[in-house]
Amino acid sequence: MANLDSRIPPGPLADKWRKHKADIKLVNPANKRKYEVIVVGAGLAGSSAASSLADMGYKVKSIVFHDSPRRAHSIAAQGGINAAKNYQNDGDSVHRLFYDTIKGGDYRAREANVHRLAEVSVNIIDQCVAQGVPFAREYGGLLANRSFGGAQVSRTFYARGQTGQQLLLGAYSALSRTVGQGLVELVTQHEMVDLVVVDGHAKGVITRDLVTGKLHRHAADAVILATGGYGNVFNLSTYARGSNTTAIWRAYKRGACFGNPCYTQIHPTCIPVSGDYQSKLTLMSESLRNDGRIWVPKRKEDCGKDPNTIPDEARDYFLERIYPSFGNLAPRDVSSRAAKRMCDEGRGVGETGLGVYLDFSHAIKRLGEAGVRERYGNLFDIYHEITNENAYRTPMRIYPAVHYTMGGLWVDYNLMSNVPGLFVLGEANFSDHGANRLGASALMQGLADGYFVIPYTIGDYLAAQKPGSRPSTDAAAFRQAEENVAAQVSRLLGAKGKEPVNQFHRRLGKIMWNHCGMARTRAGLEQAIQEIGALREEFWRNVSVPGSGATLNQALERAGRVGDFIELGELMCRDALTREESCGGHFREEHQYPDGECKRDDTNFAHVAAWEYQGEGKVPLRNVEPLNYESVKMSVRSYK
Amino acid sequence: MVAPTSSKLISVTLRVWRQEGPAAQGRFVEYKAANLNPNMSLLEMLDVVNDDLERRGEEPIAFAHDCREGICGTCSLMIDGKPHGPHRGVASCQTYMRSFEDGAVITLEPFRAKPFPVQKDLICDRSAFDRIQQAGGFITARAGSACDANAIPVPKGQADLAMDAAQCIGCGACVAACKNSSAMLFVAAKVSHLGLLPQGQAERDRRVLGMVQTMDEAGFGNCSNQYECSAACPKLISHDFIARMNRDFLAASVRSAFQAESQASGGGA
Ligand code: FES
């Protein structure tokens, strides 16, 4: 049984973080350089953590599988980043951001973590502006804001449609500065393939050099994983093709608990699937819902018609109808399910019937085409490139797609997993978004963790470690971990099967989408677990991984990742099966109100499920961390 | 999730650069790709070809890609001799098969430039760009040291211009497009983005001097004002930024030659 002490500081909610910072153990400045910290991943969380820790004086090694840290998938975030600045004087506050996030997460996140996130959100914007992030501005030179789903204030900061890229370039520039100063050792094109645990503490990692194929051992006093989310378990998603679960999955197999693996975010506004060959889905930023109106025809017979010929009275603006107070800005899980219900009723549009319209004709009347272009031009361009359609003339077609995973490795208030010395930041951890994440909150969390949380909390752990006590890479645990990885690589190369890796990934994705996607049932999940078991057996027997392990071998890289996804997929289904309620992104058809909304069960499920690996072929153990709501009253989440 | 399609399928012949490793000799190899949906992306077409190769136990074509939506800058293909292919303002991953005729022959190569050595097949090493960044592509602002974000207003026009420069995705198409393998557009975009903002003034001179020096040392060539770079840039970053950088560089060089620097050392009681 894992020890799941959340270590939430005592005292009133609003004082917890301040008090914790004051109580936290400090590492003497002269001692800091004696500690080495490994940071795996260099997205927003990883880059900001690596540079901040280096600036404090720690020795840092930053490990990425990309060819440059600037390519991490945070770069693709389009819409924006939330902060409780209240620059619009529209009633925003730390408390309101905290409350929106807790409610948005359907009361399945920790109050203390979320409050801290809301508190430091204001510092993030200051930090990014100081680094030169070119946020959108008003004519007076002050920062501009817009609204995002699940909020009734304008608190989202943005940089055209590429906020993620600009924030990442800011964090990357800080990382580059510290690399240039010799404070960070940057290791690119290395994939973390195992975590090394010595005497119960995380003390290093094994990496595979993706260019030469060589395995390397890296020792450290603490290890930080900031390796992102695992939505590619569905194969088709808005994630980059390379995003994977390998780092956190292998840490799980070394004892780190996996929190709420079934919490997946399905984003409502993505370009619909067009064919079997498809490798990824493209998001159309939620910011479009500020000015776009979502509808389907009222009558099935109209679905095949040119949308411009369907008069307003014959259109069903279903989000405005069902959720009048939030309208088109209802949260993601709610909007996605509503779109699915419309399509299930037979009122979906497009060739497949799996699509709804996102219409800008009213906005164009109000703002002019130039006004719409100024706000969303690049998104309209992306839409045009992919679909060959002009969305200024005819409405966009959108459909929900997998976009984010709220689940991840379990961490305490210090962002440390149950394996001492192993910290997990950003999307890779489970901590702040509960069962559903609000738009523009992922960037916020990544940077909060890296710039403002880990620099304090890592000291709490390191202060208790003797300087210079990190093990040598000759230690038995390193040798054994390296041998494990080498054996797995040979097994993949030796299978010499008939089926390409992608094919297994596609098959896994279909099982997951059908049974562990937007709507889940007991029977479906049980069937999925069976099917995944069979798929796994077939994978190891029949996968084709040509080439050698001693060169750049993309088939081998993919095979390792898909192997892990298959195992993770099973865990997700198991988690979804045991959670006999609906909450946020987790919708069990058995648990709904008559109008199709989520029916939570706070008596039995107001807790985090943290799964603990029990060994090959054994059913993992489900640990529970109760969620105690002291400040907010858990209530039925309504956006009506 | 899969849709039938009504589009007419096409077939193409690929001439692909295959090179086993950095030191190996490369060569073109032909592959047939048949029955392709024109709405499929060029990279998805390569996935299909690779699946076939893997089925036969042959090594797939190595190519760089990640986001597949034109923002991460990983993809880097010379498509029929053009960086990122026939269309303006898109990356390789945003090139669709409908851009090619049925029966077309498509030549695929890696970006070619001395500072971008080939690692395998269509993948080249662009770490020189990271080294340039490390030499000055930043504003020093340690976490926790910043003032309120609205304390320094930035006129909208200036912020928008900085944003135009900041759009660079670091793909290296500008270098691949230039007969001199110049990285001027890349460096100019970075220098201008930070130099246009009030926050970037303190390090403005050091930045441009450091980045240009590192660029030269990495073996990138000179700019001879042909502006193939801007035309190939997936974000269509304007070559005006090169002129801006040249002015910055000149001014910084003059200032650094004449400006008195304090000789005092740090320390104190
Ligand atoms: S794959 Fe990211 S820009 Fe092309």
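Structural data are supplied above this passage.
Residues numbered from 1 in each chain as written. Chains lettered and ligands numbered in written order. Predicted model: local features only at pLDDT ≥ 70, side-chain atom pairs only at ≥ 80, totals over all residues. Heavy atoms only, no water.

1. Looking at the overall build of chain A
Note the following rule: Numbering goes from the N terminus for both helices and strands, where a helix is a DSSP run of H or I of at least four residues and a strand is a run of E of at least two. Computation of the radius of gyration draws on C-alpha atoms alone. For the globule rule, the value is 2.2 Å times the number of residues to the power 0.38. Using a 1.4 Å probe on the protein chains alone, a residue whose accessible area is under 20% of its type maximum counts as buried, one over 50% counts as exposed, and one in between counts as partly exposed. Contact definition: two residues touch when any of their heavy atoms are within 4.5 Å. Using a 1.4 Å probe, accessible areas were evaluated by the Shrake-Rupley method; residue-level cover was limited to the displayed protein chains. We score Asp and Glu as negative and Lys and Arg as positive, and we do not count His or the chain ends. One atom stands in for each charge, and that atom is NZ of Lys, CZ of Arg, CG of Asp or CD of Glu.
Counting secondary structure elements, chain A contains 16 helices and 21 strands. Taken over C-alpha atoms, the radius of gyration comes to 24 Å for chain A, in line with the 26 Å a tight globule of 640 residues would show. Overall, chain A is about 75 × 60 × 50 Å in size when its C-alpha atoms are taken along their principal axes. Expressed as a percentage of its 640 residues, the buried residues of chain A come to 68%. Here the contacts in chain A between residues at least 6 apart in sequence split such that 74% fall between residues at least 24 apart. Accessible area for chain A stands at about 20200 Å²; split by element, carbon and sulfur atoms hold 49% of it. When the 78 positive and 70 negative side-chain charges of chain A are each reduced to one mean point, those points stand 2 Å apart.

2. Here's the deal with the interface of chain B and chain A
The condition that has to hold: When two parts are put together, the accessible area they lose, computed with a 1.4 Å probe and summed over both, is reported as buried area. For this document, the term salt bridge refers to a Lys or Arg side-chain nitrogen within 4 Å of an Asp or Glu carboxyl oxygen. Here a polar contact is taken to be a pair of N or O atoms separated by no more than 3.5 Å, where protein atoms must pair a possible hydrogen donor with a possible acceptor and residues adjacent in sequence count only if both atoms sit in side chains. The residue classification treats Ala, Val, Leu, Ile, Met, Phe, Trp, Tyr, Cys and Pro as nonpolar and Asp, Glu, Lys and Arg as charged. All others, Gly included, are polar.
Counting from both sides, the interface comprises 76 residues of chain B and, opposite them, 86 residues of chain A. Approximately 6800 Å² of surface area, both sides summed, lies buried where chain B meets chain A, with 52% of it carried by carbon and sulfur atoms. Counting every contact that joins chain B to chain A gives seven salt bridges. Note that B:Asp164 and A:Arg160 form a salt bridge whose closest N and O atoms lie 2.8 Å from each other. Seen at the junction of chain B and chain A, the total is 41 residue pairs in polar contact (both at pLDDT 80 or more). Counting residues per element, the ones that place at least two in the side of chain B that touches chain A are helix 1 (42-55), strand 6 (118-120), helix 2 (127-134), helix 3 (156-166) and helix 5 (184-195) of chain B. Considering only residue class, the side of chain B that touches chain A consists of 35 nonpolar, 21 polar and 20 charged.

3. So, the packing of helix 6 (residues 204-217) of chain B against helix 8 (residues 240-258) of chain B
Residue and element names in this part refer to chain B. Where we set the bar: Fitted lines through C-alpha atoms serve as axes, helices being fitted only where they are in contact, and the angles separating the N-to-C directions of these axes extend from 0 to 180 degrees. The cut-offs work like this: below 35 degrees is roughly parallel, past 145 is roughly antiparallel, 65 to 115 is roughly perpendicular, and the gaps in between are oblique.
It is at 9 Å that the axes of helix 6 and helix 8 come closest, and there the two elements cross at 110°. Relative to helix 8, helix 6 is oriented roughly perpendicular. In this structure, helix 6 contributes Arg204, Asp205, Val208, Leu209 and Val212 to the contact, and helix 8 contributes Met245, Asp248, Phe249, Ala252, Ser253, Arg255 and Ser256. When its residues are assigned to classes, the contact of helix 6 with helix 8 shows six nonpolar, two polar and four charged.

4. Details of the packing of helix 13 (residues 501-516) of chain A against helix 14 (residues 522-542) of chain A
Residues and elements named next belong to chain A. It is the contact of helix 13 with helix 14, at a shortest axis distance of 10 Å, that shows an interaxial angle of 175°. Relative to helix 14, helix 13 is oriented roughly antiparallel. Counting all contacts with helix 13, which are made through Phe504, Arg507, Leu508, Ile511, Met512, His515 and Cys516, the residues of helix 14 involved are Gly524, Leu525, Gln527, Ala528, Glu531, Ile532, Leu535, Glu538, Phe539 and Asn542. Considered class by class, the residues forming the contact of helix 13 with helix 14 number 10 nonpolar, four polar and three charged.

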